[in-house]
Amino acid sequence: MSDLLQGKTALVLGIANKWSLAYAIAEAFRREGARLFLTYQGERQRLTVEDLAEAVGAEKTINCDVTLEDDLTRLTETLDGLGHLDAVVHSIAFANREDLSRPFIETSRAGYLLAQEVSSYSLTAVARAVRPSMAGGGSLITLSYLGAVRVVQNYNVMGVAKAALEASVRYLAADLGPANIRVNAISAGPVKTTSARGIKDFSQVLDGVAQESPLKRNTDPAEVADTAVFLASHLGRGVTGNVVYVDAGFQIVAL
Ligand code: NAP
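Quantities reported herein were computed from a predicted structural model and do not represent experimental measurements.

So, about the pairing of strand 4 (residues 87-90). Where burial is concerned, the two faces of strand 4 agree: the one with Ala87 and Val89 and the one with Val88 and His90 are both buried. Relative to strand 5 (residues 138-144), strand 4 runs parallel, the two being bridged by four bridges. Looking at strand 5, one finds that alanine 87 is bridged to serine 139. Handedness of the crossover joining strand 4 and strand 5 through helix 4 (residues 109-130) is recorded here as right-handed.

Turning our eyes to something else, we now look at the side chain of serine 168. The residue serine 168 is located in helix 5 (residues 156-176) in this model. By relative accessible area, which is 15% here, serine 168 ends up buried. Excluding residues within four positions of it along the chain, serine 168 makes contact with Ser120, Leu123 and Thr124.

Moving on to the packing of aromatic side chains. On inspection of all chains with the given rule, the structure shows one aromatic pair. For the ring pair tyrosine 145 and tyrosine 155, a centre distance of 4.7 Å and an interplane angle of 65° mean the geometry is edge-to-face. Note that tyrosine 145 is positioned in the loop between strand 5 and helix 5 and tyrosine 155 in the loop between strand 5 and helix 5, a separation of ten residues in sequence. There is no split in this pair, since tyrosine 145 and tyrosine 155 are both buried.

In this section: the nonpolar core. As a rule of thumb, soluble globular proteins bury nonpolar side chains together. Val12, Ile15, Phe29, Leu36, Leu38, Leu143 and Ile186 are the most contacted members of the largest nonpolar core, which has 36 residues in total. For this core, the secondary structure elements donating two or more residues are strand 1 (9-13), helix 1 (21-31), strand 2 (35-40), helix 2 (43-56), strand 4, strand 5, strand 6 (181-188) and helix 8 (221-232). Per-element tally for this core: the top contributor is helix 1, with eight residues. Every residue in contact with isoleucine 15, bar those within four places of it in the chain, is listed here: Ser20, Ala22, Tyr23, Ala26, Leu38, Gln45, Val49 and Leu52.

Criteria and cut-off values
Residue indices follow the written sequence of each chain, beginning from 1 at its first position. Local features in this predicted model are restricted to residues whose pLDDT is 70 or higher, and side-chain atom pairs enter the listing and the counts only when it is 80 or higher, whereas totals over whole chains, interfaces and linings include all residues. Hydrogens and water molecules were not included; the side-chain quantities draw on all heavy atoms of the structure. Partly exposed residues are those whose accessible area sits between 20% and 50% of the maximum for their type, while under 20% is buried and over 50% is exposed, using a 1.4 Å probe and protein chains only. The way it works is that DSSP assigns letters per residue, a run of H or I at least four long becomes a helix, a run of E at least two long becomes a strand, and they are numbered from the N terminus. Between any two strands, at least two bridges found by DSSP are needed for them to pair. Throughout, right-handed denotes a crossover for which the path from the first strand over the helix to the second runs clockwise when the strands point away from the viewer. The criterion used for residue contact is that any of the two residues' heavy atoms lie within 4.5 Å. Any pair of Phe, Tyr and Trp rings, taking the six-membered ring for Trp, is counted once the centres come within 6.5 Å. Such a pair is stacked with planes under 30 degrees apart, edge-to-face with planes over 60 apart, and tilted for the rest. Residue types Ala, Val, Leu, Ile, Met, Phe, Trp, Tyr and Cys, when buried and joined through side-chain atoms within 4.5 Å, form a set referred to as a nonpolar core.

Below, the structure written as structure tokens:
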């Protein structure tokens, strides 16, 4: 522990279980001394996230489905009484399973809009909801994937949503920079999580990365988490509008 986040408060959205990238980030934030709040998506997840909050030493859990304006308004109100927020982690995505297994051209209008709403628009909605608590400065971090800029088999509609997410990072960074709020994405290499299991033939992607990446291995969630610590801390103070790859170097490889 090096106390990089000592005296800072962070909100982490997107913990489903211990395998979630957001959970690894929450653990690393606590290790570095941050005060922590977590969100959960509806009653279905409340008890699970309350248990995980206790395990990781988070102070508070807040109900927030990012597609619901009422939840986002309540998030703003709840945060209002909790002091200054230094870091927010948006680690949220969703697409229909069938859209992650058939040709992209078959994507339905509803499936496309759903993926965009949950996985991309929600970053902007969350940024607006947390901005009052971040007045004076902070760091907003989201999670992206290589499928935003390259064609990855079966990633399909989620790749298009991640492209919009990365563009949103740049526009939000420009909007919020004058308030000293930095906005960045971490583009993580593939990790076996609940969301990732929804992508057809995902284990082949893991095998391919382990064979072909410069570091000849897959990504450890702890590596993603340590990059989030850097971005949330004083060390990242000059970095905004960026997509930082934490992927064992796979993004530079061509066959
Ligand atoms: P995960 O554990 O399944 O996390 C996804 C989270 O999104 C879950 O907590 C889920 O909540 C939440 N979510 C979905 N819809 C929501 C909504 N309407 N409101 C609030 N929360 C909602 O999977 P993960 O892999 O850690 O994913 C986290 C982020 O990392 C995603 O943006 C993903 O695209 C990105 N990423 C993952 C990988 C990878 O290979 N795993 C690689 C690069 C980037 P519920 O469980 O309650 O539905």
